[in-house]
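Tertiary structure, described
So the chains spell out like this:
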Amino acid sequence: MRKLSALLFTFLAASLPAQPAPFFGFSAASAEKERAVEAQFDAKISRDNMRAWMQRLSARPHHLGSAYGKDNAEFLAGLFRSWGYDTKIEQFDVLFPTPKTRILELIAPEKYTARLEEPAIEGDSTTAQKSEQLPTYNAYSVDGDVTGDLVYVNYGVPKDYDELEKRGVDVKGKIVIARYGGSWRGIKPKVAAEHGAVGCIIYSDPHDDGYFQGDVYPKGAFRNENGAQRGSVADMPLYPGDPLTPGVGATAGAKRLARGEARTITKIPVLPISYADALPLLKAMAGPIAPQSWRGALPITYHLGPGPARAHLKLEFDWSTVPARDVIARLPGADRADEWIVRGNHHDAWVNGADDPISGLVALLEEARIIGELAKGGWKPRRTLVFAAWDGEEPGLIGSTEWVEQHRDELREHAAVYINSDTNSRGFLDAGGSHSLERLVTEVARDVMDPQYGVSVLERLRALQLSEAKSADDRKEIRDREAIRLDALGSGSDYTPFLQFAGIASLAIGYSGEGEGGSYHSIYDSFEHYTRFVDPGFLYGETQTKTTGRMMLRLASADVLPLDPANVASTVSRYVDDLRKIVDEQRAATEETNKEIRERVLELTNDSAQRMIVPKEEQPVPYLDFAPLQNAVAHLQRATKAFATTNDKALMRLERALTREDGLPGRPWFKHYVYAPGQYTGYGVKTLPAVREAIELKRWNEANQQITVTAGVLEGYAAEVEKAATKP
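Residues numbered from 1 in each chain as written. Predicted model: local features only at pLDDT ≥ 70, side-chain atom pairs only at ≥ 80, totals over all residues. Heavy atoms only, no water.

**Digging into the overall build of the protein**
Counting its regular elements, the protein contains 24 helices and 16 strands. Radius of gyration (C-alpha) of the protein: 27 Å, near the 27 Å computed for a compact globule of 728 residues. By principal-axis analysis of the C-alpha atoms, the protein measures approximately 85 × 65 × 60 Å. Buried positions account for 59% of the 728 residues belonging to the protein. For the protein, long-range pairs separated by at least 24 residues make up 79% of all intrachain contacts whose partners lie at least 6 apart in sequence. Computing the positive centroid from 87 side-chain charges and the negative centroid from 101, the protein places the two 2 Å apart. (Helix = DSSP H or I, 4+ residues; strand = E, 2+ residues; numbered from the N terminus. Rg over C-alpha atoms; globule rule 2.2 N^0.38 Å. Buried < 20%, exposed > 50% of the residue type's maximum accessible area, 1.4 Å probe, protein only. Contact = heavy atoms within 4.5 Å. Lys, Arg positive; Asp, Glu negative; His and termini not counted. Charge placed at Lys NZ, Arg CZ, Asp CG, Glu CD.)

**Some remarks on the pattern of salt bridges**
Applying the stated criterion across every chain yields a total of 45 salt bridges. Glu617 is the partner of Arg598 in a salt bridge, and the nearest nitrogen-oxygen pair spans 3.0 Å. Of this pair, Arg598 sits in helix α19 (residues 565-603) while Glu617 sits in the loop between α20 (606-611) and α21 (627-640), and the two are 19 residues apart along the sequence. You can call Arg598 partly exposed: its relative accessible area is 41%. Accessibility expressed as a relative area gives 40% for Glu617, which makes it partly exposed. The partner of Lys723 in a salt bridge is Glu720, and the shortest N-O contact between them spans 3.1 Å. Taken together, the residues span about one helical turn, with Lys723 and Glu720 both in helix α24 (residues 700-724) at a distance of 3 residues. Given a relative accessible area of 18%, Glu720 falls into the buried group. Residues joined in a network through salt bridges with shared partners are Glu38, Asp42, Arg446, Asp447, Arg550 and Arg554. (Salt bridge = Lys/Arg side-chain N within 4 Å of Asp/Glu carboxyl O.)

**Considerations on unusual backbone geometry**
Most peptide bonds take the trans configuration, and most residues that are not glycine carry a negative phi. The residue after Ala108, namely Pro109, is reached through a cis peptide bond having omega 0°. Along the polypeptide, Pro109 turns up in the loop between β1 (86-108) and β2 (112-113). Between Asp356 and the following residue, Pro357, the backbone shows a cis peptide bond with an omega angle of 15°. Even without glycine at this site, Tyr140 takes up a positive phi of about 70°.

**Focus on empty space enclosed by the protein**
Taken as a whole and assessed by the stated rule, the structure comprises 6 cavities of 30 Å³ or more. As a volume, the largest cavity reaches approximately 50 Å³. Lining the largest cavity, in full, are Ala416, Ser436, Ala505, Leu563, Leu651, Met652, Leu654, Glu655 and Tyr717. With 4 residues, the top contributor of residues to the lining of the largest cavity is helix α22 (residues 648-656). (1 Å grid on protein atoms, 1.4 Å probe; cavity = no way out; pocket = protein on both sides within 12 Å on 5 of 7 lines; lining within 4 Å. Points joined across faces, edges and corners; volume = space filled by probe spheres on them.)

Right under this line is the structure:
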């Protein structure tokens, strides 16, 4: 009888209509209305609009301060106004150097003068717009005229210099040549200068970004031999934005640093080059052969140097102040107008920028257009929606940073969530952000279909994560966990000032992984390249519009803001476990190194011991007291176990509670104590950064101090959760 009842129940359950999936933050009635609005939203999406806007916005170079950058800002403002938004262009005056002199010469053992030029491509008309294009250079490199032997430093990150030291190679007084990759580009001259180098050259190796990956442009998508990657080398892990106005908006009356006082400008001259220009330099080098993992795909033997290759590098810049024009469009909310949902994507590019950033911007525009139409048709957002098109992202997150610095107090009062996008291409959902938003992102990903495979983008993402999982435990965690884990955010796009300076819960959302290309920051990032290789039919432009559009609609209309501190508690617990593992690994490595040193000393005869320099043993890793952090996490887990609230303002305060006004040690602009870019990773995130970086740098006293400070931040967060909670 029991078995029959179970079978009958199974049959009846299968025959009943599927219940609509719940929406976090909505009642059943509100969710039903929301589904109807989202269906209307989807029906209005036009890929033709996105294609036309991309062609218009990328028709000419539009870097910060350019004529077409101004034209684009005015065009964007006009679109927002036509859709019913209260729109203005907010201007900041910022330092933006452009090159006057760029000379790179090989002067020994033979002569070679680098071309430093990207030639036009027949059939891609915008690549021929020479008079408007910025040449290949690194913004915020210092002026310089230096000569020195060349040393190849692989990716130019700290561990690469450790390898050079083991091989007896010193870069002091030399010019280093590093390949792009392995870290953000600004780390390469920073580390080189710390080791005494006088200049830095960065090239794109075809192994990482060229013919090793596939056919090169125009035959294929990848970087050709003359392509070079422009980009900022400002020390943004100290602070992003205008180098002369850290912490305050760069308005007309702002107090400015002298240029020599700006800590984010490099200490040595830096220049990016193509692999065509890099080949003669690397080919002329001798010295030890590079480790196998350092070797690229050029047809040479990779040597470390120094010399006999000797180079001359001369750079001069026009250090002008130019206007950054942010386009800000508002749609006021109905009953909760003092709560803002902010959505942003930048509009400036290094050259034409079809992929970076226009691919993300056109999806934002389509979202805004449709939401404007819905509002004209009678639907009203409960909360105020703010759409922003930022200027000056490429040189250093300038437009967004200056705007947030200028409006920080009102943003901390009113901004609930910031959603950022940048580039967009075919592939998988790429989602990072505040862990309190994991349920929102998961539910949206569940409800958006992948245009290639006919499954939800959530299913496709989980399949990718399972295929990349490194252990059975990792695979089990992916299968068992209801919400996807968002990547923690470091830096690299316009979410940085919102999350890490103002303490606003933030997301970075896009699609990536299958849009082939090596056009990044070159003249070949064109409409022609994008529509041939990256997202030809704008299918993923439409998918991005559905994804971030749903996020905006749900955040605008939810009965209660869909922020969940429980996922913060579980993830921070993992971060604390990671810190303990790092210490254990360092302790084991130190003990092993010291054991090897002691064994080596025992092998030496008395005579040889007197003649040789015996390495000193490393200081043992001391005891670190993680109890304050563990207690804080336990408190947080208790506070979030049965969390519920209807208090939006209390929910908005939660992310603020993860910041400290004093900021991180040595870089007070970064105020978030759970996420920050690493001092030597640039874009790459460091979680619980004050403690983690002290451990990694073996600053043990500081590590113990920051354990206490960070625990205090987490205790404060737990207290805010308890204050926000309502009784069931």
